[in-house]
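Here's the letter readout for the chains.
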Amino acid sequence: AIIQMIRAAIAYLQKKADEMDSSLAKSILCCLQCVVFCFEKMFKFLNKNAYIQTAIFGSSFCKSAKEAYCLIMRNAARIIAITYVSGGVVFVGKMFITTLTTGAAYLVLDQELRDELYSNIGPLFFIALSAWFISGMFMGVFDMGIATILQCFVADEEMYGDSQSMYAEGSLKNWVEDHGKSSEKRGCMD
C-alpha cells in the first residue's frame, strides 16, 4: 500500500509536469515511476513467498522473508523455470475456462432467447469478461498452490538431500529435475 501511494504521488507530479510542459521533470518522473514499479513487483513476489514460508515452517514474517529470499537465490534456475511454466498453465486455464463458459452461454442464448435478443454479442461480451475475472481468481489459487508445492519440494530437498527420507514423490522429483536445473548452491546472508 505504501508503494502504491508513492506511485500515486509520482503520477500526480507527472500530471503537474505535463501542465508545466517541463520535459526534464517528465523524464525524471517517468524513470522514477519505472523504478518504483519494479520495486512494487519485487516486494509482491517476496511477500508471496514469505507467506508461503510462514505457512510451511510457522516462523515469523521477517524470518520467512529472509529464508524465502535465500531459498529462491539458491535455486533460482528451478524457480524461474517452473514459475514461467506455471504462468503459462494459468493463462491457458483462464483462456479455456473463459472460452468454454462463453461457448456454453452462446448455446443457451441461441436456443432459449433467440427471438428475444437483437444480438448475442453484448451479453456474451459481459459473460466472457466475468468468466475471465472469475477464472483469474480460481487460477490464482492454483498458481499459489504450484508455488507452495515448489517451495516445499526445494526445502525438502535441501533438508534431506537425495536420501530416501525425502517426502517428495519420485514422479514429482523426476519432473522437477527434468524442467529446472539446479543453480550452484551458494550461501545466503546469515
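It should be noted that the structure appears before, not after, this text.
Notes on the structure follow. (Residues numbered from 1 in each chain as written. Predicted model: local features only at pLDDT ≥ 70, side-chain atom pairs only at ≥ 80, totals over all residues. Heavy atoms only, no water.)

Quick look at the pattern of salt bridges now. This model, assessed by the stated rule, comprises nine salt bridges. Put simply, Glu19 and Lys16 hold a salt bridge, and the shortest N to O gap is 3.8 Å. On the criterion of helical spacing, the pair formed by Glu19 and Lys16 is a turn pair, its members being three residues apart in helix H1 (residues 2-20). On the basis of relative accessibility, which here comes to 55%, the residue Glu19 falls in the exposed class. Taken together, the shared-partner salt bridges in this structure form one network comprising Arg7, Glu40 and Lys44. (Salt bridge = Lys/Arg side-chain N within 4 Å of Asp/Glu carboxyl O. Helix = DSSP H or I, 4+ residues; strand = E, 2+ residues; numbered from the N terminus. Buried < 20%, exposed > 50% of the residue type's maximum accessible area, 1.4 Å probe, protein only.)

Right, let's get into the packing of helix H4 (residues 76-112) against helix H5 (residues 121-160). The N-to-C vectors of H4 and H5 enclose an angle of 155 degrees; their axes lie 8 Å apart at closest approach. By the angle class used here, H4 and H5 are roughly antiparallel. Where H4 crosses over H5, the two elements pack in a sense that is right-handed. Within the contact of H4 with H5, the residues separate by chemical class into 22 nonpolar, seven polar and four charged. (Axes fitted to C-alpha atoms, helices over the stretch in contact; angles between N-to-C directions. Parallel < 35°, antiparallel > 145°, perpendicular 65-115°, else oblique. Left-handed = near helix turned anticlockwise from the far one by under 90°. Nonpolar A, V, L, I, M, F, W, Y, C, P; charged D, E, K, R; others polar.)

Quick look at the environment of Ala17 now. Looking at the secondary structure, you find Ala17 in helix H1. For Ala17, a relative accessible area of 4% puts it in the buried group. Between the C-alpha atoms of Ala17 and Ser27, which are 10 residues apart in sequence, the distance is 9.6 Å. When near neighbours in sequence (up to four residues on either side) are disregarded, Ala17 contacts Ser22, Ala25, Lys26 and Leu29. (Contact = heavy atoms within 4.5 Å.)

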